Amino acid sequence: MASNSSNLVTFLSEEEKLKKLQAYQETATERYEERLSKMEQRKSTKTQHKPEETSNFFWKEFNSQQSAVKSLFEQIPQAQEPSSIIKEVDAKLEILQKYTTDSTLFLNPFDLRTAQATLRSLQTDLTKDRERYVPRKKFGFKSRPKQPQNGIEEPKKELTIPPPALEKPYLPTSSNSFLVKDRKNDNIDLERQEVLHKDILVQNLDNCTLKIHSIPTTVHLSNITNSKVSFGPVKTSIMIHDSVNTVFSMACQQLRIHTSSKCDFYIHVTSRAIIEDCKQLRFAPFTNNYPTFQEDFTQSGLDESSNNWAIVNDFNWLSINEVSPNWCILQEDQRVVW
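All values derive from a computational prediction rather than experimental measurement. (Residues numbered from 1 in each chain as written. Predicted model: local features only at pLDDT ≥ 70, side-chain atom pairs only at ≥ 80, totals over all residues. Heavy atoms only, no water.)

**Student:** I would appreciate a short explanation of the overall build of the protein chain in the present structure.
**Tutor:** The helix and strand inventory of the protein chain stands at six helices and 15 strands. Residues classed as buried in the protein chain amount to 36% of the 338 residues present. Contacts in the protein chain between residues at least 24 apart in sequence constitute 39% of all its contacts with a sequence separation of at least 6. (Helix = DSSP H or I, 4+ residues; strand = E, 2+ residues; numbered from the N terminus. Buried < 20%, exposed > 50% of the residue type's maximum accessible area, 1.4 Å probe, protein only. Contact = heavy atoms within 4.5 Å.)

Structure representation (structure tokens):
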């Protein structure tokens, strides 16, 4: 038999095998514990809110601002110039509304409803005080008839009244926000640079067409009826309240719709649309387009490949097995081209 010395295999002793196995197990355990620690850290970071992004912090700030507004309300009846205080209340309410809108990402539905109801009540009180203490000026003429000289009556001169200056459909409420309010039967087209990276508040539109082809940061709309609203990509969230029989076209990260009915939504939303206390809403994919649209979409930071337009969460419909009756998909043959 040929020598097999070149094919000798060196076998480890049982003790050496055990040591090697223990070393391997210790290394594997350390790696596992390290991975587990990193996972826990990531989970903690993901779920941890900043102090200012908690419900308790929100209500502390909200109640503080609300108290300041109520204090101003108390000063109005005794003020020598109520209009100046009313303007200050109006400005503070807009700031409080913006603060609430910015907090929608972490507020639960009950807190959000409570805050919005409080804001509506304060706004109603402001309207009543404005009507009571700042009456509208009445326009009229007073003239004395001239006596004719030498018995000859001079020809009457026609009085020409210059047309009133047109009011802008919007006004800047601060360096970072824009307000559009109280418009009827109007076409409103805001310029790109005027609202670029601004927080936009839209209130009380009836039978209007509103176009904002820019990149707003946030948008809050309330009491929009019989209108058509078109936005460029919004960097963060859109909030809609108390709207009826209106068509919306918009792209955003988060969309929340409250107390609205008979509205159509052409949307691009990267999370999910949320509705509450709504009826007869219809949804379709976003189809808006304008010359700088692609550039705006890129600059907005929205994910163009992620559009959950057909996924809608109804807070009033908790059934998993049945679809909510409060919304549906808008059929293709009923969709309009923007």
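Alright, that's what it looks like, and here's the rest.
**Student:** I keep staring at the nonpolar core and nothing clicks. Help me out?
**Tutor:** Soluble globular proteins: nonpolar side chains tend toward being buried together. Grouped together as the largest cluster of nonpolar side chains are 36 residues, with contacts concentrated most on L221, L255 and F283. Residue contributions to this core peak at four residues, all from strand β11 (residues 261-269). Apart from the residues lying within four places of it in its own chain, the contact partners of L221 are V202, V229, F231, I238, M239, I240, H241 and F248. Ranked by size, the runner-up nonpolar core spans 20 residues in total, among them I85, I86, Y99 and L112. (Core = buried A, V, L, I, M, F, W, Y, C linked by side-chain atoms within 4.5 Å.)

**Student:** Help me understand the side chain of D199, please; the structure alone is not making it clear to me.
**Tutor:** With respect to the element layout, D199 can be found in strand β4 (residues 199-206). Looking at D199, its side chain comes within polar contact range of the side chain of T218, at 2.8 Å. When sequence neighbours within four positions are dropped, the list of residues in contact with D199 reads K98, N176, S177, F178, T217 and T218. (Polar contact = N/O pair within 3.5 Å; in protein donor to acceptor, adjacent residues only side chain to side chain.)

**Student:** I'm lost on the packing of helix α3 (residues 82-102) against helix α4 (residues 109-133) in this one. Help?
**Tutor:** Pairs of packed helices are described in terms of their axes, by the angle between the two and the distance that separates them. The geometry of α3 relative to α4 is characterised by a closest axis approach of 11 Å and an angle of 165 degrees between their N-to-C directions. On the basis of their axis angle, the class for α3 and α4 is roughly antiparallel. The chirality of how α3 crosses α4 is left-handed. Counted together, P82, I86, V89, D90, L93, L96, Q97 and T100 of α3 and L112, A115, Q116, L119, L122, Q123, L126, D129, R130 and Y133 of α4 form the full contact between these two elements. (Axes fitted to C-alpha atoms, helices over the stretch in contact; angles between N-to-C directions. Parallel < 35°, antiparallel > 145°, perpendicular 65-115°, else oblique. Left-handed = near helix turned anticlockwise from the far one by under 90°.)

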